[in-house]
Amino acid sequence: MSIELPDIERAMTDHEPFCWLPADALSDMASSIEVSYKQAGEVVLALNEPIHHLYFVRSGEVEIFRRDGSLYNRLPAGHVFGQMGLLMNAKVRFPATTRKDSLFYLIPIQLFMDYCEKYSEFGDFFEVNEHSILEQAIQVGKDDMTTVPVTELITSEPLVVTPDTTVAECAIRISENYIAAAVVQDKHGILLGIVTDSDLRARVIAKSLPYDTPVDDIMSTELLVMDQHAYLHEVMLVMLRNNTHHVPIMDDHRVLGVVSLLDVVAHESQNSLLLVRSILSSESIDSLAQLSKQLPSVYERLVNEHATSHMIGSAMSVIGTSFMQQMAKLVEDELGPPPVPYCLIALGSLARDEQLLVTDQDNALILSDDYHEAIHGAYFEQFSNMLCEGLDRCGYPLCEGLIMASNPKWRMRRSEWRDQFTDWIENPDPKALLNASIFFDLVAVHGKKLWAKELQKFIATKAKNSKPFLASLARNALKRTPPLGVFKNFVLEEDGRQQKSLNIKRRGTAPLTDIIRVHALATGSILQNSFERLDDISKTKLLPNEKYDELANALELLYSMRAREQMLAIREKREPNNNIAPDTLSLTRQRSLKEAFNVITQAQRFLKYRYTANG
Amino acid sequence: MDNRLKERGYAPKVWAEFQQSMSGSRQQDLKRFYQAGFGYMDEKLNDAPCLAIDIETTGLNPEQDKIVSVGLVEFDSARVYLPTAKYWLVNPGELSDTSIVVHGITHSDVSSAPTIDSIMPELLDAMAGRLCVVHYRAMEREFFRKLGFALWSQPWLFPVIDTFALEASCLTHSQRWFNRLLGKPLPSLRLPDTRLRYHLPEYENHNALVDAIATAELLQAQMQKWRLGDRCVKELCQ
């Protein structure tokens, strides 16, 4: 007796390769499936064990590993795995573990083989994928940054020297080994520092030190190290943020190797990293403006590489920060050094590491307390105008709300900024705060970066204890509701092209980041990124555990949809914006979008109850 | 016969004795069902052959309402076996006007369907020797009790694992003592809501078969989360 299982069929029909099957074949497949649930962190397939089914991820997420145990891929709902094993002796080639609670549909091997024969598009899917899987498993260069473990960049054992090695000997060994850096360890194998090519040049030759100087005297000791489980993109970001070129990769206390900027560049030419390097070495505003034209294609590539939204946001933010930083330097070159120290800060999405495309510049200046309007005012006015106009030329349009350094209101002394935040927090006026919430996400870009850190800490301490402030902020966070109707249908507006759509930023990511900001400030977190804020909040008992996952998933979904829509716009040579027409999405995507909006509605309800109950 | 077996909510204290007493039934189908026995009662839940079952009815009152569909699927701790899935629409006989449409099942759908007594042999065979799993046992138990007396003048009762009750008891045990003290209510135990807590996907359509599959998936999830696999079925049954 064959039985109809429309729910099972529907779950598969939106996804490759099942979308290529005729209806009756899909129906037969559905009734031959076995279903299996696995909690997060459980082994689904172990290397070399027999495999008799193709696995379809119905919900949840799995991690697929290579033979050597390194991470190969992460597959969310809608993907299949296990085909390699089925095609090669029915033994598992790529082991799999659940990353989230997951439900699998298992398709029997006979049926799988049968369909590969019978339905060419179905079969092609696996052939194409099998090919690319093999290729990717062998070639490192083809993988994307999010899934490449940094250990793949380590090509040789580290060159180890002792602290009493002379610089001359160290230099010889470095050049003999064609290596960029030597690792200095004590006799217990504890890492003390590293010596690089450029250290030898800058600290020995340029200073005419004797060649028998021990490396102990010249090595870099303030080291940034990373764990062997880090991914390439994480190392890349660390290098970019700290302007460091060599990062030792550690297995606990043991140095596995040193990864250099060159290694990373060689691995990932033509990417965001390269763009950042070009930005930071740019010598004129014109050439910066020229470089900014690469932004869309870098962005397109990031999204295409299936980077997570956190990663896309970070990369775009690093790029945005680099433009600001270099612009400030170039303007300083032109106007002469600043008369008093200052700190250029970025606000909003850039500060949160959540920048996508289509976002105007939001920035401000923290000035030294020695600043005097009459004496220094003219310099900073001119500086700010040139800065903001320059950024405008680089594709960061002027802020309509005038939250920019070029607005005299947002050039303040350190003490004035503290007073300003004190005023916002102690005398909260929801209206005033509506425009000010952006200031509660801030990050240093250039100059006296410490001042921005101080300000973050000041805010975190003060905000936490002010109930009326949190209540006002919460009330504002409730103003933008997700676009769901009473019957869980999408509520659409007409966009510029007379198309019914919804604004996924205004109605999605913005309200969600607002909510997360309130919780973060309430718990005294000084972090700015929404995902990291969630992690921070989760250490308190503010929300039930599963809520963090819900919020993070909703945020990831909304951001990635925004990113994807923008990417498609670039590809189709349209002006990217934040509007999405739900009709253009697959049913599955529509459903998950609704689910994400639903999470926002619930989170807003909680926010109202938690912070505004007595107000 | 023990008259309490007719009472709503009553279940035999010792299932093995009850099964013994029923094995001699003169009803051949029922006799086969009871002769297959409840052997799984002494096994670990991990090893027990299970059968998720769900019914849809014209209403909640077993005295006057009728079964309109039955869905079931075999499963165990590792897999839910969709090839074993079975689904029947049942002709309830006369339908009052108010219940013309039940869960999308229309009068014309069921008017041509078999009556419940004609599917009984196949239903009983599918259930024989398997541990039945339901979500909210009052429905199946009372409707089947009633059915047993209506068809054969005999009680048709069997042990079940109730994922609804299981969820309630697991949640109560894991609830912090002060919440328990404060009498904090448990979250919703409805099937879709309970499934969400295990990150199980939503099903759009509800019919007896989809809900049976959903229940089977839920028990797998509950077994993993609360480590029930090594527990003896007897301890978890009702």
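Residues numbered from 1 in each chain as written. Chains lettered and ligands numbered in written order. Predicted model: local features only at pLDDT ≥ 70, side-chain atom pairs only at ≥ 80, totals over all residues. Heavy atoms only, no water.

**Considerations on the packing of aromatic side chains**
Thinking step 1. As enumerated under the stated definition, the model contains 41 aromatic pairs over all chains in all.
Thinking step 2. Relative to Phe380 of chain A, the ring of Tyr379 of chain A has its centre 5.2 Å away and its plane inclined at 80°; by these criteria the two rings are edge-to-face. Here Tyr379 of chain A and Phe380 of chain A have matching classes, each one buried.
Thinking step 3. When the ring of Phe144 of chain B is compared with that of Phe158 of chain B, the centres are 6.1 Å apart and the planes differ by 45°; the resulting orientation is tilted. Of this pair, Phe144 of chain B sits in helix α5 (residues 137-152) while Phe158 of chain B sits in the loop between α5 and β5 (160-162), placing them 14 residues apart in sequence. (Phe/Tyr/Trp six-rings, centres within 6.5 Å; stacked < 30°, edge-to-face > 60°. Buried < 20%, exposed > 50% of the residue type's maximum accessible area, 1.4 Å probe, protein only. Helix = DSSP H or I, 4+ residues; strand = E, 2+ residues; numbered from the N terminus.)

**Focus on the sheet that holds strand β20 (residues 500-503) of chain A**
Residue and element names in this part refer to chain A.
Thinking step 1. In spatial order, the strands read β19-β20-β21; together these three strands make up an open sheet with antiparallel pairing. The sheet is open, and its two edges are formed by β19 (493-494) and β21 (579-580), each paired on a single side.
Thinking step 2. With two bridges joining them, β20 and β21 adopt antiparallel strand pairing. Residue pairing for β21: Leu502 is matched across the bridge by Ile580.
Thinking step 3. Running at roughly 15° to β20, helix α19 (residues 505-522) makes contact with β19 and β20 of the sheet. (Pairing = 2+ DSSP bridges. Contact = heavy atoms within 4.5 Å. Axes fitted to C-alpha atoms, helices over the stretch in contact; angles between N-to-C directions.)

**A look at the environment of Glu152 of chain A**
Thinking step 1. Among the structural elements, Glu152 of chain A can be located in the loop between α5 (120-138) and β9 (159-161).
Thinking step 2. By relative accessible area, which is 22% here, Glu152 of chain A ends up partly exposed.

**Focus: the packing of helix α18 (residues 467-477) of chain A against helix α22 (residues 587-611) of chain A**
All names here are of chain A.
Thinking step 1. With their axes 9 Å apart at the nearest point, α18 and α22 run at an angle of 155° to one another. Viewed along their axes, α18 and α22 adopt a mutual orientation that is roughly antiparallel. Every pair of crossing elements has a handedness; the one defined by α18 and α22 is left-handed. Contacts between α18 and α22 involve Leu470, Ala471, Ala474 and Ala477 on the former and, on the latter, Gln604, Leu607 and Tyr611.
Thinking step 2. Across the contact of α18 with α22, the residue classes tally to six nonpolar, one polar and no charged. (Parallel < 35°, antiparallel > 145°, perpendicular 65-115°, else oblique. Left-handed = near helix turned anticlockwise from the far one by under 90°. Nonpolar A, V, L, I, M, F, W, Y, C, P; charged D, E, K, R; others polar.)

**A short note on the interface of chain A and chain B**
Thinking step 1. Facing the 29 residues of chain A at the interface are 26 residues of chain B.
Thinking step 2. Three residues, Asp7, Val35 and Tyr37 of chain A, lead the burial of chain A against chain B; their summed loss comes to 27% of the area buried on that side.
Thinking step 3. A salt bridge links Arg79 of chain B to Glu34 of chain A; the nearest nitrogen and oxygen atoms lie 2.8 Å apart.
Thinking step 4. Run the count over chain A and chain B and you get eleven residue pairs in polar contact (both at pLDDT 80 or more).
Thinking step 5. The greatest single-element share of the side of chain A that touches chain B, amounting to five residues, is contributed by strand β1 (residues 34-38) of chain A. (Buried area = accessible area lost by both parts, 1.4 Å probe. Salt bridge = Lys/Arg side-chain N within 4 Å of Asp/Glu carboxyl O. Polar contact = N/O pair within 3.5 Å; in protein donor to acceptor, adjacent residues only side chain to side chain.)

**A short note on the sheet that holds strand β11 (residues 191-196) of chain A**
Hydrogen bonds between backbone atoms are what pair the strands of a sheet, whose relative direction is either parallel or antiparallel.
All names here are of chain A.
Thinking step 1. In space, the three strands of this open sheet follow the order β9-β10-β11, with mixed pairing throughout. Each edge of the sheet is formed by a strand with only one pairing partner; in this case those strands are β9 and β11. Each neighbouring strand pair of the sheet contributes to a mean axis angle of 35°, computed without reference to strand direction.
Thinking step 2. Note: β9 against strand β10 (residues 181-185), three bridges, orientation parallel. Within β10, the position partnered with Val161 by the bridge is Val184.

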